There are 2 protein chains.
Amino acid sequence: MAALREAVRQADAPFENVILKGDCVAALERLPKASVDLVFADPPYNLQLDGGLTRPDQSVVDAVDDDWDKFASFADYDAFTRAWLLAVRRVMKPDAGLWVIGSYHNIFRVGAILQDLGFWILNDIVWRKSNPMPNFRGRRFTNAHETMIWAAKSADARYTFNYEAMKAFNDDVQMRSDWLLPLCTGAERLKDGAGRKLHPTQKPEALLARVLLASSKPGDLVLDPFFGSGTTGAVAKRLGRSYVGVEREQAYIDAAEARIAAVEPIAPAALQLLRGKRAEPRIPFGTLIEAGLVAPGAILVDARGRHRAEVSADGTLRSGAHRGSIHRVGAAVQGFDACNGWTFWHIEAASGAVPLDALRQKLRDDMAAAGG
Amino acid sequence: MAALREAVRQADAPFENVILKGDCVAALERLPKASVDLVFADPPYNLQLDGGLTRPDQSVVDAVDDDWDKFASFADYDAFTRAWLLAVRRVMKPDAGLWVIGSYHNIFRVGAILQDLGFWILNDIVWRKSNPMPNFRGRRFTNAHETMIWAAKSADARYTFNYEAMKAFNDDVQMRSDWLLPLCTGAERLKDGAGRKLHPTQKPEALLARVLLASSKPGDLVLDPFFGSGTTGAVAKRLGRSYVGVEREQAYIDAAEARIAAVEPIAPAALQLLRGKRAEPRIPFGTLIEAGLVAPGAILVDARGRHRAEVSADGTLRSGAHRGSIHRVGAAVQGFDACNGWTFWHIEAASGAVPLDALRQKLRDDMAAAGG
DNA sequence: TAGCCGCGTGAATCTACGG
DNA sequence: GCCGTAGATTCACGCGGCT
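Because the structure is a prediction, the values reported are computed rather than measured.

Enquirer: Got a sec to walk through the packing of aromatic side chains? Specific residues and values, please.
Expert: Taken as a whole and judged by the stated rule, the model has 33 aromatic pairs over all chains. Taking the centre distance of 5.9 Å and the plane angle of 45° together, the rings of Tyr77(A) and Phe80(A) count as tilted. Of this pair, Tyr77(A) and Phe80(A) both sit in helix H3 (residues 74-91), three residues apart, which is roughly one turn of that helix. The partly exposed category is assigned to Phe80(A), whose relative accessible area is 25%. When the ring of Trp179(A) is compared with that of Phe141(B), the centres are 5.4 Å apart and the planes differ by 65°; the resulting orientation is edge-to-face. On the criterion of chain membership, the pair formed by Trp179(A) in strand S6 (residues 178-181) and Phe141(B) in the loop between strand S4 (120-129) and strand S5 (145-152) is interchain, its members lying in two chains. Over the ring of Trp127(A) we find Lys129(A), and its NZ or CZ is 5.2 Å from the ring centre. One residue, Arg139(A), lies across the ring of Tyr159(B), its end atom 5.1 Å from the ring centre.

Enquirer: Talk me through the pairing of strand S7 (residues 221-224) of chain A; I want residue IDs and the actual numbers.
Expert: Residues and elements named next belong to chain A. Residues Leu221 and Leu223 of S7 are buried on one face, and the alternating residues Val222 and Asp224, pointing to the opposite face, are buried as well. Direction of pairing for strand S2 (residues 36-41) relative to S7: parallel, over a ladder of two bridges. The partner of Leu38 across the bridge, within S7, is Val222. Sheet topology note: the S7/strand S8 (residues 242-247) ladder contains four bridges and is parallel. Paired with Leu223 across the strands is Val244, a residue of S8. Crossover S7 to S8 through helix H7 (residues 231-238) is right-handed.

Enquirer: Explain helix H10 (residues 326-334) of chain A residue by residue, including any values.
Expert: Of all the residues in H10(A), the buried ones are Ile326(A), His327(A), Val329(A), Gly330(A), Ala331(A) and Val333(A). Gly335(A) sits one or two positions beyond H10(A) and adopts a positive phi of about 75°.

Enquirer: Quick one: what's the story with the interface of chain B and chain A, residue by residue and with numbers?
Expert: Contacts between the two partners involve 74 residues from chain B, matched on the other side by 79 residues from chain A. For the pair chain B and chain A, the summed buried area comes to about 6800 Å², and 52% of that belongs to carbon and sulfur atoms. On the surface where chain B and chain A come into contact, there are five salt bridges. The shortest N-O distance in the salt bridge between Asp116(B) and Arg109(A) comes to 2.6 Å. The tally of links from chain B across to chain A stands at 41 residue pairs in polar contact (both at pLDDT 80 or more). Those elements that provide at least two residues to the side of chain B that touches chain A are helix H3 (67-91), helix H4 (107-116), S4, S5, helix H5 (163-169), strand S6 (178-181) and helix H6 (205-215) of chain B. A per-element tally of the side of chain B that touches chain A places S4(B) first, with nine residues. The residue makeup of the side of chain B that touches chain A, split by class, is 43 nonpolar, 17 polar and 14 charged.

Enquirer: Would you mind going over the protein's contact with DNA strand D in detail, with residue names and values included?
Expert: Within the structure, DNA strand D sits among 30 residues, and Arg137(A), Tyr163(B), Lys167(B), His327(B) and Arg360(B) are positioned closest to it. Near the protein, within 4 Å, the atoms of DNA strand D are sugar or phosphate in 61% of cases. The contact in question runs from a base oxygen of DNA strand D to an N or O atom on the side chain of Gln58(A), over 3.4 Å. Contact between DNA strand D and Gln174(B): a phosphate oxygen at 3.0 Å from a main-chain N or O atom of the residue. Contributing elements (two or more residues each) for the surface near DNA strand D: H5 and helix H10 (326-334) of chain B. Considering every element that reaches the surface near DNA strand D, the biggest residue donor is H5(B), with three residues. Of the residues contributing to the surface near DNA strand D, the split by class is 11 nonpolar, nine polar and 10 charged.

Enquirer: Explain the pattern of salt bridges residue by residue, including any values.
Expert: Scanning the model with the defined rule gives 32 salt bridges over all chains in all. For Asp42(A), the salt bridge identified is with Lys203(A), shortest N-O distance 3.0 Å. Taken as a pair, Asp42(A) in the loop between S2 and H3 and Lys203(A) in the loop between S6 and helix H6 (205-215) lie far apart in primary sequence, 161 residues in all. Here Asp42(A) falls in the buried class, since its relative accessible area comes to 15%. The class for Lys203(A) is buried, based on a relative accessible area of 7%. Residue Asp37(B) pairs with Lys93(B) through a salt bridge whose shortest N-O separation is 2.9 Å. Of this pair, Asp37(B) sits in strand S2 (residues 36-41) while Lys93(B) sits in strand S3 (residues 92-102); the two residues are 56 residues apart in sequence, bridging distant segments of the chain.

Enquirer: Please give an account of empty space enclosed by the protein that cites residues and values.
Expert: In this structure the tally under the stated criterion is three cavities of 30 Å³ or more. Computed from the structure, the second largest cavity encloses a volume of approximately 40 Å³. Surrounding the second largest cavity, Ile107(A), Phe108(A), Asp124(A), His145(A), Thr147(A), Ile107(B), Phe108(B), Asp124(B), Val126(B) and Thr147(B) form its lining. The residue makeup of the lining of the second largest cavity, split by class, is five nonpolar, three polar and two charged.

Enquirer: Give a description of the protein's contact with DNA strand C that names residues and reports values.
Expert: Residue and element names in this part refer to chain A. Taken together, 39 residues lie around DNA strand C, and Gln48, Arg55, Tyr104, Arg137 and Arg189 are the ones closest in. Side-chain polar atom of His105 to a sugar or linking oxygen of DNA strand C: 3.1 Å apart, as the coordinates give it. A class-by-class count of the residues in the surface near DNA strand C yields 19 nonpolar, eight polar and 12 charged.

Calculation criteria
Residues numbered from 1 in each chain as written. Chains lettered and ligands numbered in written order. Predicted model: local features only at pLDDT ≥ 70, side-chain atom pairs only at ≥ 80, totals over all residues. Heavy atoms only, no water. Phe/Tyr/Trp six-rings, centres within 6.5 Å; stacked < 30°, edge-to-face > 60°. Helix = DSSP H or I, 4+ residues; strand = E, 2+ residues; numbered from the N terminus. Buried < 20%, exposed > 50% of the residue type's maximum accessible area, 1.4 Å probe, protein only. Lys NZ or Arg CZ within 6 Å of the ring centre and 35° of its normal. Pairing = 2+ DSSP bridges. Right-handed = clockwise from strand over helix to strand, strands pointing away. Contact = heavy atoms within 4.5 Å. Buried area = accessible area lost by both parts, 1.4 Å probe. Salt bridge = Lys/Arg side-chain N within 4 Å of Asp/Glu carboxyl O. Polar contact = N/O pair within 3.5 Å; in protein donor to acceptor, adjacent residues only side chain to side chain. Nonpolar A, V, L, I, M, F, W, Y, C, P; charged D, E, K, R; others polar. Near = heavy atom within 4 Å. 1 Å grid on protein atoms, 1.4 Å probe; cavity = no way out; pocket = protein on both sides within 12 Å on 5 of 7 lines; lining within 4 Å. Points joined across faces, edges and corners; volume = space filled by probe spheres on them.

See the structure below:
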């Protein structure tokens, strides 16, 4: 019965649940026009890395140095982007949706070209990484997110968005444009024969799951023109969607096929049970200054009034020759190695000295009440 | 009186703490080349609102369903963006930084043009709004963030980044690329005579404060080419920075001037930057020998006692066949390319093994106490 | 067993200065 | 402007080994 159904589907739509080998643009010419319901694309980021990078302990960072991420110029990258977006556009149904993920190296170029080609941006979604790689040289902010653009084929498309499902998924408040998810690590990360990561940029299944649950229906055909290790296919199968992948390297195709074959689709009813977890917001000391609860120049004291420190505008404290965070200065004035500045330092208020921790709790309550 | 004050200010530093009235590009021609340290720009992104398209000059685009007109409109916006970015680029010092804030309507075009003009993106920063406006029609994700691009004028620029201050601000972990901050509401939001909000997109002062604290020094000149209600000027004055604004509408200029006049600057002592080791005066290892803190012939060991080296009178170390600076020999004995000899090597003292870095710090403290 | 600790690692445009 | 060298720099989490 299942075999019969499959045979009918194949005759009807011969490109479901297959991986096409080859260059993205050429391979997409084999697909019929207006045949896919959703596209998820993870194109090369054009990182433009120059030289190696080591951690402070001198270990080497395993960076993306593959040939597929090398472009001679922005113009070359733009031409590449325009070509694959046009090829993808041809096979999209009129109401199909498109997702593209990238970083600041490439996402602005992708977004501008998308708009130039007539795609209609619906949201930009920020994937906030709960465990990003730190900045090892201390010369920039920690690059802790990637950006996804969600677009329809045109401004008047009747795209799919499962609003109610997303709201239920998110504890009955609207799903926001910033998603907190961990990197793909541990057992989920595919390894090669030597135990090294198979693919340098494997995306977490939770990310794809949220994309497919939000913007596709069961039975939809999902295209991934940069299939890689097959995360899109694995999640599509698990969630009762079909997939078409395009990939150039046979090693990735082999790994993806084995991976997808091992996936057990979940019962449709179980889709309802997925829930996102919400982390308690961490509030740094600087936020108290930004919120106006502590003024630059304010004097902090410890509970017994033995130590004093002055608050600087940048969120550091000064006490005599000591300078640094509330924790560092708290430790220094006591001659300790460590100190919890939140409970050690107090600020004068009408009701007496209040620990910083109490102000932080107040801010946390306010933010929770505001839905943050 | 105001005119006199203005004249004096002009003589002293002709373009500090003023608002230039007029079109952004034309007004910037009045500023000298390479004169500003930092730029914060909140350009208009009046595209695609309510299905209608308007050009940057507010003229209405006809026939919004027409693909050609969409192209024309994007092209107009791109030309506008290129023009003001070029004008800004001219007045930036070689090591100046640039911030641009926008949403998915415009930020991709701005980012791509930035790169085309030779700016070097350092981070894209996501402002996560703790209290965003909900999505009323339930057809998209709640648009809960805006994007800021932080860029240097060129790839080899030595831009300002107060890494240590940001880290202390954030409870001693690196500041990430996603910032959670509330919208500008309540008393901070400027109102017009009728109690309506004065400016449609007034940014919160906390956002500007973090930008200026991260990427400028006290006394720096900050340019805002789309001054609006003057948030950049107000925060700059409060944080001991100078500002130049450009604004077309007199109503905004009047409101901004009154607003900035009421700002009380923070005491300079509370503005001192937290200096990291990088900013400390350099002390060669030989100085420790000259000061008698390390004797020629002394034996150095690493923290775990695995490696030993002998100090020569000329400030080099010897360990087996290895000979050279504390850094070279530290790297060689470990088989690494690099090593920080100050933290790697220890010397025996009554209280146990002390890193060379502690001796160096003692020397620095002594020199500071001596007024050196 | 449970818990502690060390180790490995992730899409990264990652130094500054003097000669 | 090139080149050589001093010397500054990391967070979250999973896993395996040891107590």
